[in-house]
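# Observations on the model geometry
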Amino acid sequence: MTVRVAVVGAGIIGLATAWALERRGFACLVFEQGAPGGGQSAGESRIFRHAHEDPRQSELATRARSGWNEWEEEFGSPLISDDGALVIGQGGVERLKNYSRITGAEVSELGPEDLAEALPILASFEGPAMIDPGAGAIRSRLTLANLISAAGLNLVPEKVESVTSRPGGGVSIATSFGLREFDAAVVSAGAGTLGLASTAGLDLPIETRAHVRLTAPLKEPDTPPRLACVQDSSGAFGEAAAYGSPLRGNREYAVGLSTTTALDPEGGGMAELDRIALRTRAYISKALPGLDLSGAVPFQRWVTELPWSPDGLAIWQSGDSYFIAGHNLFKLAPVLGKVLAESVSEGRVPEGFRPEDRLGDPRMGAAESAPAS
Ligand SMILES: Cc1cc2nc3c(=O)[nH]c(=O)nc-3n(C[C@H](O)[C@H](O)[C@H](O)COP(=O)(O)OP(=O)(O)OC[C@H]3O[C@@H](n4cnc5c(N)ncnc54)[C@H](O)[C@@H]3O)c2cc1C
């Protein structure tokens, strides 16, 4: 008998899950209240990086990289740039060294000249710097377009109001168009997951926060042959942590401060978004003088974080429904889609992804990776 699965949310995670479910022979409907890929997954360019504070996530990112390679083959297009990702500053360098120690992957230290070659728009920087050549910029729009066309026939343009377990098994999905029944459901609704989880009786510790990014064109009219991503923890340019990633074509670069901000949109908190955009402009003027600030365009989205880490993620289960939440999930999408498909197929969330595992919490990760005494 065909197992019918409802996926709620057509962001990168819902689409990756639908793709993984279809490949396992499940029949999926993907419910989306707005434009597919228009939530946290919107906008061109995301950083794919291996190194994380929690060693378990560095291993997961390594699995995700293989998943990206599979997608590149399946969709017939390169989805991650091959220009690598830089870290500048001691914190990032230590993280990258740890990743290399755990996985044996090759990473290299860079001097000022190598840095200028890898990221010609960067101001001169004398401090510690390294590059992860297997990391790079995710072509996020192309990825979404490929997955949307793969899931195209099964997209339902409806807002889901509730996700409830049926007595005896299965799930009822209520939309404004009525009630539908499924054998299982995966809820990957981004900022909508908190409310939908409450209809299933779950109280998830999701914090909805704001993130602002600016995209600016390069000053130099000639396209540089290389444009790496960067994560800056040096503090040398007036911000404790910032990141940048090139857009497809290497004519524009997206830059953000690494922290997200708690805001009360109804309580005048929106003015804070302008202040973050101003700080980001000031950072760009110091750190990335190769960008033309006069053409910079801001991009703002609500993102969802878990309390134990900015990279935290978990999957909650209620009956035959699975709810995923976390931040910085784009790079992990191919593997998270498979993990959610496995949850449906096995009837339980695999170990390591449950809330009690606190994936992303460096203390839990270090404790688990420590050799037994
Ligand atoms: C500016 C920015 C930069 C980022 N940079 C990186 C990065 O460099 N690397 C990285 O890995 N990650 C990054 N992230 C985070 C990453 O983009 C997100 O973690 C990821 O896109 C989340 O995908 P999602 O599918 O879970 O959520 P979403 O993309 O938000 O998708 C959820 C979907 O569910 C729909 N929905 C909600 N409620 C309902 C409902 N009731 N019924 C039907 N549909 C519903 C929404 O409309 C939405 O389309 C960044 C995020 C932003 C905003």
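Residues numbered from 1 in each chain as written. Predicted model: local features only at pLDDT ≥ 70, side-chain atom pairs only at ≥ 80, totals over all residues. Heavy atoms only, no water.

### Digging into the overall build of the protein
The criterion, for reference: A run of H or I in DSSP counts as a helix once it spans at least four residues, and a run of E counts as a strand once it spans at least two, with each numbered from the N terminus. For this measure, only C-alpha atoms enter the radius of gyration; the expected value for a globule follows 2.2 Å times N^0.38, where N is the number of residues. We call two residues contacting when some pair of their heavy atoms lies within 4.5 Å. In summary, the charge assignment counts Lys and Arg as positive and Asp and Glu as negative, without counting His or the chain termini. In this description, the location of a charge corresponds to atom NZ of lysine, CZ of arginine, CG of aspartate or CD of glutamate.
On a plain count of helices and strands, the protein comes out with nine helices and 19 strands. For a compact globule of 373 residues, the expected C-alpha radius of gyration is about 21 Å, and the protein comes in at 21 Å, within 12% of that figure. A principal-axis box enclosing the C-alpha atoms of the protein has dimensions of 65 × 55 × 40 Å. A fraction of 71% describes how many contacts in the protein between residues 6 or more apart in sequence connect residues 24 or more apart. When the 33 positive and 46 negative side-chain charges of the protein are each reduced to one mean point, those points stand 2 Å apart.

### Considerations on helix α7 (residues 270-287)
Since the α-helix turns once every 3.6 residues, residues separated by three or four places project in the same direction. Inclusion rule: Working rule for helices: expected span equals 1.5 Å times residues minus one. Think of it in three bands: with a 1.4 Å probe and only protein chains considered, a residue is buried below 20% of the maximum accessible area for its type, exposed above 50%, and partly exposed in between. The arc in question is formed by the directions pointing from the helix axis toward the C-beta atoms.
For α7, which comprises 18 residues, the first-to-last C-alpha distance of 26 Å matches the rise-based estimate of 26 Å (1.5 Å per residue) to within 8%. Among the residues of α7, Leu273, Ile276, Ala277, Thr280, Tyr283, Ile284 and Ala287 are the ones counted as buried. Each buried residue of α7 sits inside an arc of 120° when the element is viewed along its axis, so together they form one side. Set apart from the buried face of α7 by more than 90 degrees, the exposed residues are Asp274 and Leu278.

### Some thoughts on the packing of aromatic side chains
To be explicit about the condition: Each Phe, Tyr or Trp ring, with Trp reduced to its six-membered ring, pairs with another whose centre is within 6.5 Å; inter-plane angles below 30 degrees give stacked pairs, above 60 give edge-to-face pairs, and intermediate values give tilted ones. Charges are assigned to positions over rings by a cutoff of 6 Å between ring centre and Lys NZ or Arg CZ, combined with an angular limit of 35 degrees from the ring normal.
The full count for this structure, using the stated rule, is seven aromatic pairs. Ring geometry for Phe237 versus Tyr283: centroids 6.4 Å apart, planes at 80°, classification edge-to-face. Of this pair, Phe237 sits in the loop between β14 (229-232) and β15 (242-246) while Tyr283 sits in helix α7, and the two are 46 residues apart along the sequence. Pairwise contacts between aromatic rings join Trp19, Trp68, Trp71, Phe75 and Phe330 into one cluster. In this structure, Arg65 is placed above the aromatic ring of Phe48, and the distance from its NZ or CZ to the ring centre is 5.7 Å.

### With respect to the sheet that holds β14
Let me state the cut-off plainly: Here, strands pair whenever DSSP counts at least two bridges between them.
Overall, mixed pairing links the eight strands, which are arranged β5-β6-β4-β14-β15-β16-β13-β17 in an open sheet. Each edge of the open sheet is held by one strand with a lone partner, namely β5 (108-109) and β17 (297-305). Pairing of β15 with strand β16 (residues 252-257) involves five bridges; the strand directions are antiparallel. Among the inter-strand pairings, Gly244 is bridged to a residue of β16, identified as Val255.

### A closer look at the pairing of strand β4 (residues 85-88)
A regular strand carries its side chains on alternate faces of the sheet. Neither face of β4 is left uncovered, since the one carrying Ala85 and Val87 and the one carrying Leu86 and Ile88 both have all their residues buried. Where β4 lies against β14, four bridges are found, and the strand directions are parallel. Residue Val87 lies in a different strand from β14, and its bridge partner there is Gln231.

### Some details on the domain arrangement of the protein
Convention followed: Domain extents, as shown, originate in an automatic or database domain assignment. The quantity reported as buried area is the accessible area (1.4 Å probe) lost by two parts once they are put together, taken as the sum for both. In the sections that follow, a salt bridge refers to a side-chain nitrogen of Lys or Arg positioned within 4 Å of a carboxyl oxygen of Asp or Glu. Identification of polar contacts relies on pairs of N or O atoms within 3.5 Å, with a donor-acceptor requirement for protein atoms, meaning one able to donate a hydrogen and the other able to accept it, and with residues adjacent in sequence counted only if both atoms are side-chain atoms.
Here the domain parsing of the protein yields domain 1 (4-40 + 143-206 + 309-369) and domain 2 (85-133 + 207-305). Centre-to-centre separation of domain 1 and domain 2, based on C-alpha positions: 29 Å. Counting residues at the interface gives ten residues for domain 1, matched by eight residues for domain 2. Three residues, Gln40, Ile206 and His327, lead the burial of domain 1 against domain 2; their summed loss comes to 54% of the area buried on that side. Where domain 1 packs against domain 2, one counts zero salt bridges. Put simply, domain 1 and domain 2 have five residue pairs in polar contact (both at pLDDT 80 or more) between them.

### Focus on the pattern of salt bridges
Under the counting rule described, the total for this entry stands at 15 salt bridges. Here Glu74 ties to Arg23 by a salt bridge, and the two come within 3.3 Å at their closest N and O atoms. With Glu74 in helix α2 (residues 55-75) and Arg23 in helix α1 (residues 12-23), this residue pair connects regions lying 51 residues apart in the sequence. By relative accessible area, Glu74 is classed as partly exposed at 33%. The exposure class assigned to Arg23 is exposed, which follows from its relative accessible area of 54%.

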